[in-house]
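# Summary of the model geometry
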Amino acid sequence: MSEIYVITSGKGGVGKTTTTANLGVGLAMRGKKVVLVDTDTGLRNLDLLLGLENRIMYDLIDVTEGRVPYKKALVRHKKYDSLFLLPTSQVKDKMAVNPEQLITLCNELRKEFDYILIDCPAGIEQGFKTAIAAADTALVVTMPEISAVRDADKIIGELGRADKENIKLIVNRIRPQMVENGDMLDMEDIDDILSLECIGQVPDDIKVVTSTNKGEPCITMDDSQAGTAYRNIVGRMCGEDIPFMTFEKEGFWTRLKHVFRK
């Protein structure tokens, strides 16, 4: 039985699309057949993160309006044969697709794919309501900053009102030294506010930026802490019991080692 995940957030810029790309690649690396559905109509970026921006012929709106079958709009990943992208339009707005259309599409995709990951627009407007409609599970992505956590709390409430009960948390861009100094929320603070099962704690990692610019998600990189964290999330999605990482703090001796390495 296929599983449909929506990756959502209240606040923009917390790494929702990056998370979608990495989880999709990670599942494909395990041999799963995966489709990523970009519903951030007008602001699509998922194709860039996967290095597929030059392969797009048709989009989600072409499919939902009946111009082409979904198989014609799918873009196969260059490296992973079992990973596909269904991109959205850059020129339409988020009202172009309604929840019923997305539910119908996802019911078709269920017949072919093991995992369907929906990249949701930020916020709680119509695009959000459409993106969550077909999901079995919601992954809420936030950062250890009070504004991001407050917005995540709002999203969790909206998911509850939409009768979405299976909701899990991913905390992204954690900076251990800032947490240690009290300049960032720690996981206990976040748990007190959100009271949600956490399946991912992803450190802030410069390799995320370089990999994004190359269209190669960092989950493929052995020397990326964020990549390791994403691989662990994928394992947990597949039912594995994986302990959370411990992050090395960027203290004086660590910085000194970096200086001598250079």
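Read on for a plain summary of the structure. Quick caveat, the model's predicted, so the values are computed rather than measured.

Attention now moves to the overall build of the protein chain. The secondary structure content of the protein chain amounts to twelve helices and eight strands. A compact globule built from 262 residues should have a C-alpha radius of gyration of about 18 Å, and the protein chain, at 18 Å, falls within 12% of that. For the C-alpha atoms alone, the extent of the protein chain along its principal axes is close to 60 × 40 × 35 Å. Relative to its 262 residues, the protein chain shows a buried fraction of 53%. In the protein chain, of all internal contacts separated by at least 6 residues, the share reaching a separation of at least 24 is 75%. Working note: accessible area of the protein chain is about 12700 Å², and carbon and sulfur atoms make up 48% of it.

With that out of the way, let us pick up the packing of aromatic side chains. Counting across every chain of the model gives two aromatic pairs. Relative to phenylalanine 113, the ring of phenylalanine 84 has its centre 5.7 Å away and its plane inclined at 75°; by these criteria the two rings are edge-to-face. Taken as a pair, phenylalanine 84 in strand β4 (residues 83–86) and phenylalanine 113 in the loop between α5 (99–109) and β5 (115–119) lie far apart in primary sequence, 29 residues in all. Overall, the relative accessible area of 2% leaves phenylalanine 113 in the buried class. If you follow lysine 33 out to its NZ or CZ, it ends over the ring of phenylalanine 113, 5.3 Å from the centre. We note arginine 236 situated over the ring of phenylalanine 244; from NZ or CZ to the ring centre the distance is 4.2 Å.

Moving on to the sheet that holds strand β3 (residues 75–76). Pairing between the strands of a sheet is mediated by backbone hydrogen bonds and can be parallel or antiparallel. An order of β3-β4-β2-β5-β1-β6-β7-β8 is seen for the eight strands of this open sheet, with the pairing classed as mixed. Each having just a single partner strand, β3 and β8 (198–203) make up the two edges of the open sheet. On the sheet, helix α9 (residues 187–194) packs against β7 (167–174) and β8 and is oriented at approximately 145° with respect to β7. Docked against the sheet, helix α11 (residues 225–237) engages β1 (3–8), β5, β7 and β8, running at close to 170° with respect to β8.

So, about the pairing of strand β6 (residues 137–142). β6 sits mainly inside the fold: six of its six residues count as buried. The two faces of β6 match: Thr137, Leu139 and Val141 on one face and Ala138, Val140 and Thr142 on the other face are all buried. The sheet contact formed by β1 and β6 spans four bridges and is parallel. Bridging across to β6, threonine 8 finds its partner in valine 140. Note: β6 against β7, five bridges, orientation parallel.

Taking 1.5 Å as the rise per residue, helix α1 (residues 16–29) with 14 residues should run 20 Å; its terminal C-alpha atoms sit 20 Å apart, in good agreement. The first or second residue beyond α1 is glycine 31, which carries a positive phi of 90°.

This brings us to a negative patch on the surface. Taken together, the side chains of Glu188, Asp189, Asp191 and Asp192 define an acidic patch exposed on the protein surface. As for its position among the elements, aspartate 189 is in helix α9.

Further remarks concern α5. Looking at α5, one finds that the buried residues are Pro99, Leu102, Leu105, Cys106 and Leu109. Taken down its axis, α5 places every buried residue within 125° of arc, on the same side. α5 presents Glu100 and Thr104 as exposed residues on the side facing more than 90 degrees away from its buried surface. Residue asparagine 98 occupies the N-cap position of α5, its side-chain oxygen lying 3.1 Å from the main-chain nitrogen of glutamate 100.

Two measures define how a pair of helices packs: the angle their axes make with one another and the distance between the axes. Between helix α7 (residues 146–161) and α9, whose axes approach to 10 Å, the crossing angle comes to 30°. As the angle between them shows, α7 and α9 are arranged roughly parallel. As for how α7 packs across α9, the hand of that crossing is right-handed. Contacts from Ile146, Val149, Ala152, Asp153 and Ile156 of α7 reach α9 at Ile190, Ile193 and Leu194. In terms of residue class, the contact of α7 with α9 is built from seven nonpolar, no polar and one charged.

Parameters and conventions
Residues numbered from 1 in each chain as written. Predicted model: local features only at pLDDT ≥ 70, side-chain atom pairs only at ≥ 80, totals over all residues. Heavy atoms only, no water. Helix = DSSP H or I, 4+ residues; strand = E, 2+ residues; numbered from the N terminus. Rg over C-alpha atoms; globule rule 2.2 N^0.38 Å. Buried < 20%, exposed > 50% of the residue type's maximum accessible area, 1.4 Å probe, protein only. Contact = heavy atoms within 4.5 Å. Areas by Shrake-Rupley, 256 points an atom, 1.4 Å probe, with all protein chains shown as cover. Phe/Tyr/Trp six-rings, centres within 6.5 Å; stacked < 30°, edge-to-face > 60°. Lys NZ or Arg CZ within 6 Å of the ring centre and 35° of its normal. Pairing = 2+ DSSP bridges. Axes fitted to C-alpha atoms, helices over the stretch in contact; angles between N-to-C directions. Expected span 1.5 Å × (residues − 1). Patch = residues over 30% accessible without salt bridge, like charges linked within 9 Å, V, L, I, M, F, W, Y side chains within 5 Å. Salt bridge = Lys/Arg side-chain N within 4 Å of Asp/Glu carboxyl O. Lys, Arg positive; Asp, Glu negative; His and termini not counted. Charge placed at Lys NZ, Arg CZ, Asp CG, Glu CD. Arc of directions from axis to C-beta. Polar contact = N/O pair within 3.5 Å; in protein donor to acceptor, adjacent residues only side chain to side chain. Parallel < 35°, antiparallel > 145°, perpendicular 65-115°, else oblique. Left-handed = near helix turned anticlockwise from the far one by under 90°. Nonpolar A, V, L, I, M, F, W, Y, C, P; charged D, E, K, R; others polar.

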